[in-house]
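# Coordinate analysis (summary)
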Amino acid sequence: MDYLNKEAAANNWCITVADTTPVSLPVITINTNRIQTIVFNLENTLERKELIANSDLVISLLPPALHPVIAADCLQYKKHLLTSASVDDSIMSLQDPIKQQGLLFLYEVGLNPGIDHMSAIRQIHRIKANGGTITSFRSHCGGLISPESDDNPWHYKITGTPYNIVLAGKDGAVFKENGAVCQWPYEQLFDPNRVIHIPDLGYLAWYPNRNSLQYMPLYGLPEASTFVRTTLRYPEFCFGWKNVVELKLTDATKRYHTNGVTLQEFFQTHFASHGFSEWIEKQLTSRFAQTKQLLEKLQQLLDAEQEAGEEERKALQDFMMVDNQGKLMDVNLDSIKTQAAATVAGQMHEANLSMKQLFFLGMDDDQTFINKGECSAAEVLQFALEQKLLLQPADKDLVVLHHEIGYELDGIQHLTSSNLVVKGEDHIKTAMAKTSELPLAMAAKQILQGNIRETGVHIPVLSSVYTPVLQELETNGLHFNTIDTIIQ
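Here, residues in each chain are numbered from 1, in the same order as that chain's written sequence. Under the rules for a predicted model, residues below a pLDDT of 70 receive no local features and side-chain atom pairs below 80 are neither given nor counted, while totals for whole chains, interfaces and linings still include all residues. Only hydrogens and water are removed before side-chain values are computed, so all heavy atoms of the structure are retained for them.

## Some details on the packing of aromatic side chains
For clarity, the cut-off: Ring pairs shown here join Phe, Tyr and Trp side chains whose ring centres sit within 6.5 Å, with only the six-membered ring taken for Trp; geometry is labelled stacked below 30 degrees between planes, edge-to-face above 60, and tilted in between. Both a distance and an angle decide whether a charge sits over a ring: NZ of Lys or CZ of Arg must be within 6 Å of the ring centre and within 35 degrees of the ring normal.
Under the defined criterion, the tally for this structure stands at 14 aromatic pairs. One aromatic cluster is present, built from ring pairs that chain together F137, Y215, Y219 and F227. The ring of Y215 carries R229 above its face, with NZ or CZ at 4.4 Å from the centroid. Across the ring face of F237, the terminal group of R233 is positioned such that the distance to the ring centre comes to 5.4 Å.

## Quick notes on the pairing of strand β11 (residues 226-233)
Note the cut-off: Remark: exposure states derive from per-residue accessible area (1.4 Å probe, protein chains only) relative to the maximum for the residue type, with buried under 20%, exposed over 50%, and partly exposed in between. A helix here means a DSSP run of H or I that spans at least four residues, while a strand means a run of E at least two residues long, and both kinds are numbered starting from the N terminus. When DSSP finds two or more bridges between a pair of strands, those strands are recorded as paired.
In terms of burial, β11 is a largely internal element, eight of the eight residues being buried. As defined by bridge partners, strand β6 (residues 133-145) adjoins β11 across six bridges and the pair is classed as parallel. Within the sheet, the bridge partner assigned to S139 lies in β11 and is R229. By the bridge criterion, four bridges tie strand β10 (residues 202-208) to β11 in an arrangement that is antiparallel. Note that in β11 the partner of W206 across the bridge is L232.

## A closer look at helix α15 (residues 463-475)
Quick reminder of the rule: Expected span of a helix, by definition, is 1.5 Å for each gap between consecutive residues, and there is one gap fewer than residues. Contacts are assigned to residue pairs that have any heavy atoms within 4.5 Å of one another.
Over its 13 residues, α15 runs 18 Å from end to end, which matches the ideal 18 Å to within 8%, given 1.5 Å per residue. Looking at α15, one finds that the buried residues are V465, Y466, P468, V469, L470, E472 and L473. Turning to α15, the residues buried within the fold contact α1 (2-11), β5 (104-106), α6 (115-129) and α14 (431-448). Following α15 by one or two positions, G477 has its phi on the positive side, about 95°.

## What to know about the packing of helix α2 (residues 45-53) against helix α3 (residues 67-76)
Going by this rule: Axis definition: a line fitted to C-alpha atoms, limited for helices to the stretch in contact. Angles are taken between N-to-C directions and run from 0 to 180 degrees. Any angle that falls under 35 degrees is termed roughly parallel, while one over 145 is termed roughly antiparallel, one within 65 to 115 roughly perpendicular, and all others oblique. With the far helix as reference, a near helix turned anticlockwise by less than a right angle produces a left-handed crossing, and one turned clockwise produces a right-handed crossing. Side-chain classes follow a simple rule in which Ala, Val, Leu, Ile, Met, Phe, Trp, Tyr, Cys and Pro form the nonpolar group, Asp, Glu, Lys and Arg form the charged group, and the remainder, Gly included, forms the polar group.
Axis separation between α2 and α3 bottoms out at 9 Å; the angle between their running directions is 55°. As judged from the angle between their axes, α2 and α3 are oblique. Two packed elements cross with a definite hand, and for α2 against α3 that hand is right-handed. Listed contacts from α3 to R48, K49 and I52 of α2 are V69, I70, D73, C74 and Q76. In terms of residue class, the contact of α2 with α3 is made up of four nonpolar, one polar and three charged.

## A look at the layout of surface pockets
The cut-off we apply is this: Think of a 1 Å grid over just the protein atoms. A cavity is a set of points where a 1.4 Å probe fits yet cannot get out, a pocket is an open set with protein on both sides within 12 Å along at least five of seven lines, and lining residues have an atom within 4 Å of a point. Grid points are joined across faces, edges and corners, and a volume is the space filled by probe spheres set on the points.
In this model, the second largest pocket occupies a volume close to 190 Å³. Along its surface, the second largest pocket is lined by V87, M92, E108, Q214, Y215, L218, V457, H458, I459 and V461.

## Here we look at unusual backbone geometry
Note the cis peptide between N112 and P113, where omega equals 15°. On the secondary structure map, P113 appears in the loop between β5 and α6. A positive phi angle is found at E108, which is not glycine, with a value near 60°. Summarising the element assignment, E108 is placed in the loop between β5 and α6. Positive phi values are uncommon outside glycine, yet N178 reaches one of about 50°.

## Let's talk about the side chain of R194
Counted only if it meets this: When charges are counted, Lys and Arg are positive and Asp and Glu negative, with His and the chain ends excluded. Any Lys or Arg side-chain nitrogen located within 4 Å of an Asp or Glu carboxyl oxygen qualifies as a salt bridge. Here a polar contact is taken to be a pair of N or O atoms separated by no more than 3.5 Å, where protein atoms must pair a possible hydrogen donor with a possible acceptor and residues adjacent in sequence count only if both atoms sit in side chains.
Topologically, R194 is positioned in the loop between β8 (180-184) and β9 (195-198). Buried charged residue R194 carries no salt bridge. Nearest counter-charge: D191, at 4.1 Å. Separated by 3.3 Å, the side chain of R194 and the backbone oxygen of Q188 make a polar contact. Discounting chain neighbours no more than four positions away, the residues touching R194 are W184, Q188, L189, L204, A205, W206, Y207 and P208.

## Brief notes about the packing of α6 against α15
Contact pair α6 / α15: the axes reach a minimum separation of 10 Å and the direction vectors enclose 110°. As summarised for this structure, α6 and α15 are arranged roughly perpendicular, according to the angle between their axes. For the pair α6 and α15, the sense of crossing is left-handed. The segment α6 lies against α15, with I115, M118, S119, I121, R122 and H125 engaging Y466, V469, L470, L473 and E474. Residues of the contact of α6 with α15, tallied by class, amount to seven nonpolar, two polar and two charged.

## Remarks on empty space enclosed by the protein
Applying the stated rule across the entire model yields one cavity of 30 Å³ or more. Taken as a whole, the largest cavity encloses approximately 30 Å³ of empty space. Elements that contribute at least two residues to the lining of the largest cavity include exactly α6 and α15. Looking at which element gives the most residues to the lining of the largest cavity, the answer is α15, with three residues. Among the residues making up the lining of the largest cavity, the classes are represented as five nonpolar, no polar and two charged.

Don't take any of this as a statement about function, it's just geometry.
As structure tokens, then:
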């Protein structure tokens, strides 16, 4: 709204912000007379159609299930439509009439999907224009909490839609890795050990997004041996969410009466019917047993070292072993002790973290009442997240977008890394708000000024769309750092 407000003043535009509840705008310091806010009922057909008929362009931030209604109205009254929602079959069925009316319905214009499409395609087009052949594509994107505001055992706070966080990954994921199509179920996605290093930030865990394969033809990479789009989180979040999935806390079956019920009572009831005791036995007792065994072996190693003479210790310090592939490898005794100690510490940390995260969500909270009527576990989990993991006024969030594109040029293998890190200002002017909504506002400006003339249903993978929007983003401080490396 800050961006559109300034552009409205420069271009003599008027903006209507419509919502089903009283609209709360961010602080806008100039030209607020160019913005009107209204409360409307989406199911009031006459009111909705009149609102759209009196517009030149519509930006929809409604839940995806409602977009077909808005799309039908925009087609009827010949209005351009922009949204960050994903393209689906219902909108593609309108491709021909939309094109015939000279309209542009631009979907997936947000962060992920959105900026990720535009920045990736720009690099892909550049590489191909220089004669390169792309062999692999990896795109990682996530909304995180900035380190200075990271103060809970989940290492996470809500920066997007809570409902989407709870649902993430429920349908599993499909992607391509080294020529093979990988199809992972929900239970396999959240592995805290599957990490990538982000410059100046450290290691982040990733899990694959739904169906990456559908974007291969749109990106012009049908022959790439690797193609995957992912979500980034701190490893501790993936560790905890894997537990959440195992404990059936994302189950969508309505089975709980929550009026007058506290979070503690819900967790007690849910866990009693989902084998929490057995889960604890499996997750914690086995982990402690492994730790105990490792500590005993480490102590035996230390005792043997102490009992050996000086010459024997020197001989033992560096020796050779055969790995599980039959190859010789050098082993250093001090290195073994260090790694063993780190493994013990890691196992103890994980055992402790499991309980800390569940308690933080409200497992012992007898003061917070749910009062949501008939609910599923997933709905109660969403309520708990909204209570416990909200951004506080001084909190800063973080958006990270990282592409890795492997390609061959003149017989030489290259890897291009493209990196964007954006930090929020506070709990309102967040990095997530900036990166997910600015592309919509900027694309709207370009369409209204006649700089984007495409028609039909599109996502922003066309140069005529992504070039002006990316240029405008860079003007507003969203810069990608790109490094091209030759792989030996």
